[in-house]
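Summary of the model geometry
What follows is each chain in one-letter form.
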Amino acid sequence: MEISRKRNLKKLAILIVMIVLLVSLVYYYNEINQRITSGKKEVHFLDPSLRQSVSAFKFETERAIKEVKDFTGNVVVVYVWASWCPPCVEGIPSLISLVKKFENVQVKFFGLSVDDDGWEDIRPFLKNHPDINYTIAIPYPKPDFQFETIVDLKPLGQVAALPTFFVIDQNGKLAGKFVGAGHLLDVEILINKLIERY
């Protein structure tokens, strides 16, 4: 009788573990996988009628809380990065060069850090990189992160890989999203197209 009871408890424990695993898998495929897919999806909206407004997206600079709509009339480039991300850090010199190309044009560049501890992580990094010539910011309010890099920057969009570039037109609408390193030329081409059409 005791042996039978132990077997039943063991079977019950195995069943509970299997149910937990099944629920976890369903959650992953229904929630996390969708965020990863959405976060890695690149978009290019050359037709202005297809662009969605992201003008309400907020971020915090060292001086103030800003919104994309504060920069209406400018192309806005948001470079989502982290100080612990090697491709992000390696891409900084190239981004500095791109910013210099558009110094005298109405284009604003923001490096939006998704470091866990915000300014506490960024300030020491910036002291070691004084050549950064674009504004550094953090999302405001601080978003929820899943697995370090999966974050929903509403209304800007999902991010599931770093670095990610968002290019916003002069009316505060999303014109393009580029995921991963190696997209500076794509960003530059889109900026030039937006400037030409404005």
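Residues numbered from 1 in each chain as written. Predicted model: local features only at pLDDT ≥ 70, side-chain atom pairs only at ≥ 80, totals over all residues. Heavy atoms only, no water.

**Re the overall build of the chain**
As a reminder of what qualifies: Segments assigned H or I by DSSP are reported as helices when at least four residues long, segments assigned E as strands when at least two residues long, and all are numbered from the N terminus. A 1.4 Å probe rolled over the protein chains alone gives each residue an accessible area, and that area as a share of the maximum for its type sets the label: buried under 20%, exposed over 50%, partly exposed in between. Contact definition: two residues touch when any of their heavy atoms are within 4.5 Å. All accessible-area figures derive from a Shrake-Rupley calculation using a 1.4 Å probe, and residue coverage is judged against the displayed protein chains alone.
Regarding its fold elements, the chain presents 5 helices and 11 strands. Sorting the 198 residues of the chain into buried and exposed places 44% on the buried side. Within the chain, contacts between residues separated by at least 24 positions form 69% of all contacts whose residues are at least 6 apart in sequence. Counting every atom, the chain has about 11500 Å² of accessible surface; 55% of that belongs to carbon and sulfur.

**Notes on the environment of Asp144**
Position of Asp144 among the secondary structure elements: in the loop between strand E6 (135–139) and strand E7 (145–146). Apart from residues no more than four positions distant in its own chain, Asp144 is found in contact with Ile150, Val151 and Asp152.

**Some details on the environment of Gly118**
Residue placement: Gly118 occurs in the loop between strand E5 (107–113) and helix H4 (119–127). With relative accessibility at 10%, the residue Gly118 sits in the buried group.

**Topic: the pattern of salt bridges**
To keep it simple, the criterion reads: Salt bridges are defined by distance alone: a side-chain nitrogen of Lys or Arg within 4 Å of a carboxyl oxygen of Asp or Glu.
Under the defined criterion, the tally for this structure stands at 5 salt bridges. Between Lys154 and Asp152 there is a salt bridge, and its shortest N-O distance comes to 3.8 Å.

On their own, these measurements won't tell you what the molecule is for.
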